Number of protein chains: 4
Amino acid sequence: MYSRYAVRVHLTLDLDSEVPIYLQLRDQVVEAIADGGLAEGSPLPSTRQLAADLGINFHTVNKAYDLLRQQSVIRINRKSGAVVRRDAGSGPPEPGFVEDWEQRLRTLLAEAVVHGVAPAGVRERCDGVLASFRAGDRV
Amino acid sequence: MYSRYAVRVHLTLDLDSEVPIYLQLRDQVVEAIADGGLAEGSPLPSTRQLAADLGINFHTVNKAYDLLRQQSVIRINRKSGAVVRRDAGSGPPEPGFVEDWEQRLRTLLAEAVVHGVAPAGVRERCDGVLASFRAGDRV
Amino acid sequence: MYSRYAVRVHLTLDLDSEVPIYLQLRDQVVEAIADGGLAEGSPLPSTRQLAADLGINFHTVNKAYDLLRQQSVIRINRKSGAVVRRDAGSGPPEPGFVEDWEQRLRTLLAEAVVHGVAPAGVRERCDGVLASFRAGDRV
Amino acid sequence: MYSRYAVRVHLTLDLDSEVPIYLQLRDQVVEAIADGGLAEGSPLPSTRQLAADLGINFHTVNKAYDLLRQQSVIRINRKSGAVVRRDAGSGPPEPGFVEDWEQRLRTLLAEAVVHGVAPAGVRERCDGVLASFRAGDRV
DNA sequence: GTGGTCTAGACCACA
DNA sequence: GTGGTCTAGACCACC
């Protein structure tokens with residue numbers, strides 16, 4: 001018999017990172033959804049369960065889930081816990097999202113260019129990442 | 001006669017952003033270099049000068065410059081001040097940079113995909129940003 | 001022949017809402033009465049029946065009915081089940097109700113004003129809601 | 001010499017209320033802004049200061065401020081703390097706000113009508129509340 | 001069982 | 001000085 005939350009997602013945290021744990025959690029859930037490992041409707045572990053598995057405090061998981069909820073990525077139900085609400089096929093982005101996102105993209109791409117990655121190389125790596133997402137989607 | 005630091009770079013800070021000021025400064029310098037507005041060898045304003053211009057604490061500017069120095073983007077001489085050390089034509093990236101950067105790219109692209117931006121749209125925007133850099137380069 | 005509880009009331013629950021289910025139930029019954037869809041003396045479905053129809057736990061329905069009873073909106077007989085006890089024509093409010101209610105109104109209107117809804121717009125929407133109640137009353 | 005945060009706002013909490021403290025705090029700040037007691041640009045006490053004044057934990061104040069920030073009511077600055085960002089004159093509401101708000105209005109007005117407040121009385125009290133806001137605005 | 005709230009105290013990052 | 005993060009443990013509401 002399967003556990004209710006088939007863990008096809010490997011969450012790896014770096015407790016010494018300068019990136020807060022709850023943001024690492026948020027990012028990994030988002031990547032898992034983009035990968036196709038988590039589809040719309042997939043349940044996530046309960047906050048306390050996941051906290052125990054990861055060896056962190058449940059408040060930290062709570063904060064990550066709350067952030068994902070605010071960003072419409074998951075919904076949280078009193079009885080059945082957190083469930084994925086958005087994936088690549090869930091409709092167009094909310095107004096204002098793209099502008100904000102593109103600014104962050106600009107910053108990130110500028111960093112690569114300045115450090116000597118050729119524009120062709122940047123583009124190639126973007127394509128590679130996108131391809132990996134679509135590959136995951138088919139699984 | 002021009003000031004020694006020809007300000008063809010418009011630094012705009014949002015003091016209320018969740019992004020720390022010293023990081024906003026770092027990002028804007030990097031974007032200015034990618035844009036072509038600052039080339040290898042270009043001098044940057046002194047920390048005190050820039051702090052005064054922006055109305056912020058000079059320690060904050062110091063922190064941004066120090067970060068840029070650690071990332072090999074600028075060189076700091078006691079005598080000639082801060083000077084751009086790297087631009088798009090300064091050679092290949094340092095070992096390890098690309099791996100780290102690609103992970104951040106993956107996180108950022110995943111966010112867009114999950115929020116409903118089509119892969120084609122993501123690629124299009126990447127191209128747009130890269131084109132804006134090359135256009136700036138010619139100026 | 002009609003069922004004893006002619007369902008002229010469409011109860012729609014959002015199981016993922018942050019508003020507890022029993023409160024959503026309470027609110028919808030109250031709105032149905034204000035609408036005129038349920039008049040004084042109208043019977044409500046039994047708790048078990050309604051729970052089955054809505055696919056929720058019957059304790060939840062029980063809690064909603066109990067709250068409505070405490071607020072004098074319905075009457076519960078072991079024999080005849082739950083019956084609407086109050087509607088718009090059932091007499092003046094109980095002492096203390098208006099003061100408590102007006103405080104909540106103040107909070108709600110303040111929220112609209114602060115978010116940029118003009119006072120005229122607020123009043124207009126209040127009128128619209130009241131008109132919808134009176135229209136339903138005639139049905 | 002004045003304190004930096006002229007306390008023209010009296011915050012009164014009911015620690016035994018079923019309404020969470022952080023929501024009471026949020027509501028009172030919003031009402032104070034609607035009242036005109038807090039205008040755009042007014043500073044709020046620091047989280048720890050306010051917590052000490054109210055005899056509650058600073059995390060609770062933190063949560064209230066964070067909620068106000070998410071709703072664009074205040075902005076939070078690393079150095080100068082929380083500042084009012086929105087008041088009645090700060091522009092039109094964000095898209096989607098009015099629909100959500102009107103649903104809550106409908107629920108609230110239905111409650112009054114069912115408890116025997118005449119529609120004219122409801123309207124009168126709405127006007128009264130709005131008038132009190134405008135009166136505060138002139139101060 | 002689930003999530004949500006509040007308290008308490010520690011430590012760090014930012015300016 | 002400010003806010004932000006993480007931990008820990010308690011209690012409650014909902015289902």
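Because the structure is a prediction, the values reported are computed rather than measured.

**Some thoughts on the packing of aromatic side chains**
In step 1: By the definition in use, this model includes zero aromatic pairs over all chains.
In step 2: Sitting over the ring of Tyr22(A), Lys63(A) keeps its end group 4.8 Å from the ring centre.
In step 3: Looking at Arg48(C), its charged tip hangs above the ring of Phe58(C), at a distance of 4.4 Å from the centre.

**Focus: the pairing of strand β2 (residues 81-84) of chain C**
Each regular strand carries side chains that alternate between the two faces of the sheet.
Residues and elements named next belong to chain C.
In step 1: Pairing between strand β1 (residues 74-77) and β2: four bridges, direction antiparallel. Residue isoleucine 74 lies in a different strand from β2, and its bridge partner there is valine 84.
In step 2: Adjacent in sequence and paired antiparallel, β1 and β2 are bridged by three residues.

**Comments concerning the UniProt feature "domain: HTH gntR-type" (unreviewed entry) in chain A**
In step 1: In this structure's numbering, the residues bearing the UniProt feature "domain: HTH gntR-type" (unreviewed entry) are residues 19-87 of chain A.
In step 2: What you have in residues 19-87 of chain A is 52% helix and 12% strand, and the ends, taken at the C-alpha atoms, are 24 Å apart.

**Things to note about the relation of the copies chain B and chain A**
In step 1: When chain B is brought onto chain A, the operation consists of a screw motion whose angular component is 179 degrees and whose axial shift is 0.1 Å, with 0.3 Å RMSD remaining. Such a combination of turn and shift is consistent with a two-fold rotation axis.
In step 2: Interface overlap between copies: 100% of the residues of chain B at the interface are likewise at the interface in chain A, consistent with a symmetric, same-surface contact.

**What to know about the protein's contact with DNA strand E**
In step 1: Inspection of the region around DNA strand E gives 24 residues, with Arg48(A), Ile21(D), Tyr22(D), His59(D) and Lys63(D) positioned closest.
In step 2: Close to the protein, within 4 Å, the atoms of DNA strand E belong to sugar or phosphate groups at a rate of 69%.
In step 3: The side chain of Tyr22(B) places a nitrogen or oxygen atom 3.0 Å from a phosphate oxygen of DNA strand E.
In step 4: Going through the elements one at a time, α2 (47-54) and α3 (58-70) of chain A, α1 (21-35) and α3 (58-70) of chain B together with α1 (21-35) and α3 (58-70) of chain D are the ones with two or more residues in the surface near DNA strand E.
In step 5: Examining the composition of the surface near DNA strand E, we find that four residues originate from one element, α3(D), more than from any other.
In step 6: Class assignment for the residues of the surface near DNA strand E results in ten nonpolar, eight polar and six charged.

Rules of the game
- Residues numbered from 1 in each chain as written.
- Chains lettered and ligands numbered in written order.
- Predicted model: local features only at pLDDT ≥ 70, side-chain atom pairs only at ≥ 80, totals over all residues.
- Heavy atoms only, no water.
- Phe/Tyr/Trp six-rings, centres within 6.5 Å; stacked < 30°, edge-to-face > 60°.
- Lys NZ or Arg CZ within 6 Å of the ring centre and 35° of its normal.
- Pairing = 2+ DSSP bridges.
- Helix = DSSP H or I, 4+ residues; strand = E, 2+ residues; numbered from the N terminus.
- UniProt positions renumbered as here; feature names shortened; annotations may be inferred.
- Least-squares fit on C-alpha atoms with pLDDT ≥ 70 in both.
- Contact = heavy atoms within 4.5 Å.
- Near = heavy atom within 4 Å.
- Polar contact = N/O pair within 3.5 Å; in protein donor to acceptor, adjacent residues only side chain to side chain.
- Nonpolar A, V, L, I, M, F, W, Y, C, P; charged D, E, K, R; others polar.

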